[in-house]
Amino acid sequence: MTLLPFLSAPLPVQVHIIAAILALALGPVALYRRKRDHTHKVVGYTWVTAMTVLAVGSFLIPSHFTSIGIGPLHGFAVLTLWSLWTGIKAAIAQDIARHEAVLRSLYSNGLIIAGAFTFLPGRTMNQVLFGEPSQLGWVVIAAFFGLVALRVFLPRLGQWGWA
C-alpha cells in the first residue's frame with residue numbers, strides 16, 4: 001500500500017477521494033443513530049455535504065470511456081444529486097420513512113456499489129492499495145459482488161426448495 005498515487009493525483013481526484021472516505025465513514029453514524037438528535041443532524045448535514053462535493057467534483061474528473069470526458073459514472077453523480085435532493089425534501093416534509101429509505105439506498109448503492117469500481121485496474125484506489133497496474137482489483141470487485149449475491153440469494157434458497 002502506498003499513498004503516492006493519491007498524492008500525485010490531480011486535485012479534483014484528491015478532493016473526490018477525501019469526500020468519498022468521509023461519506024463512507026460518516027454514513028453508518030448518520031443512518032443508524034437514534035434519529036432527530038443533535039448529533040444525527042450534524043453528522044447528517046456533514047454527510048450530505050460530503051456526498052454533494054463527491055458528486056459535483058466528479059464532473060471535474062474526465063472519463064476515459066468517451067471522447068467527450070463524460071462517462072457512465074457521471075450518471076451516478078446526477079443520480080446522487082437527485083437522491084440527496086429527494087432525501088432532504090422528504091425530511092423537510094416530515095416524511096421520515098422516505099428520508100431514511102432514500103438516504104440508506106444512496107449509501108449502499110451510491111457509495112458501496114459504486115465504490116467497488118474504484119478498484120478497477122488503473123484507477124487511483126487500485127494503485128493505492130495494490131501498487132502499479134494490478135489485476136487484484138478484479139478480485140476485490142468479484143468478492144464484493146459475491147458477498148452481495150450471497151446476501152440476496154441465501155435467504156431465498158428455502159423459497160426455491162434448495163434448503
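Position numbers for residues count from 1 along each chain, tracking the sequence in the order it is written. Totals for whole chains, interfaces and linings use all residues, but because this is a predicted model, local features are given only for residues with pLDDT of at least 70 and pairs of side-chain atoms are given and counted only at 80 or more. Hydrogens and water molecules were not included; the side-chain quantities draw on all heavy atoms of the structure.

With that out of the way, let us pick up the overall build of the protein chain. Per the convention used, a helix needs a DSSP run of H or I reaching at least four residues, while a strand needs a run of E reaching at least two, with both numbered from the N terminus. If you tally the helices and strands in the protein chain, you get seven helices and zero strands. Sequence-ordered secondary structure for the protein chain, helices as α and strands as β, is α-α-α-α-α-α-α. The principal-axis extents of the C-alpha atoms in the protein chain amount to approximately 45 × 45 × 30 Å. Restricting the contact set of the protein chain to residue pairs at least 6 apart, pairs at least 24 apart contribute 51%. Carbon and sulfur atoms make up 71% of the accessible area of the protein chain, which totals about 10300 Å². His is not counted here, nor are the chain ends, while Lys and Arg score as positive and Asp and Glu score as negative. A single reference atom marks each charge: NZ on Lys, CZ on Arg, CG on Asp, CD on Glu. Here the protein chain carries 11 positive and 4 negative side-chain charges, and the mean point of each set is 6 Å from the other. Throughout, a contact is declared for two residues whenever any of their heavy atoms are within 4.5 Å. The protein chains shown are the only cover counted for residues, whose accessible areas, like all others here, come from Shrake-Rupley with a 1.4 Å probe.

Before going further, it helps to spend a moment on the environment of methionine 1. Looking at the element boundaries, methionine 1 is found in the segment before helix 1 (4–7). With a 1.4 Å probe rolled over the protein chains alone, any residue whose accessible area is under 20% of its type maximum counts as buried; one over 50% counts as exposed, and the rest are partly exposed. We classify methionine 1 as exposed; its relative accessible area is 78%. With 98 residues separating them along the chain, methionine 1 and histidine 99 place their C-alpha atoms 38 Å apart. If sequence neighbours within four positions are ignored, methionine 1 has contacts with Val128 and Leu129.

A separate point is the nonpolar core. What we call a nonpolar core is a set of buried Ala, Val, Leu, Ile, Met, Phe, Trp, Tyr and Cys residues that are connected through their side-chain atoms within 4.5 Å. Core analysis: the largest hydrophobic core is formed by 17 residues, its most contacted members being Ala23, Trp47, Met51, Leu84, Leu103, Leu106 and Leu111. Of all the secondary-structure elements, those providing two or more residues to this core are helix 2 (11–32), helix 3 (38–58) and helix 5 (96–116). Looking at this core element by element, the count peaks at six residues for helix 3. By size, the runner-up hydrophobic cluster in this structure holds five residues, among which are Phe6, Ala9, Ile17 and Val128.

Glancing now at unusual backbone geometry. Even without being glycine, glutamine 94 reaches a positive phi, approximately 65°. Looking at where glutamine 94 falls in the secondary structure, it is placed in the loop between helix 4 (72–92) and helix 5.

Take the confidence of the model for the protein chain next. Mean pLDDT over the protein chain: 86, with 92% of residues reaching 70 or higher. pLDDT measures the predictor's confidence residue by residue and takes values from 0 up to 100. When pLDDT is averaged over each element of the protein chain, helix 3 comes out on top at 94 and helix 7 (residues 136–153) at the bottom at 81.

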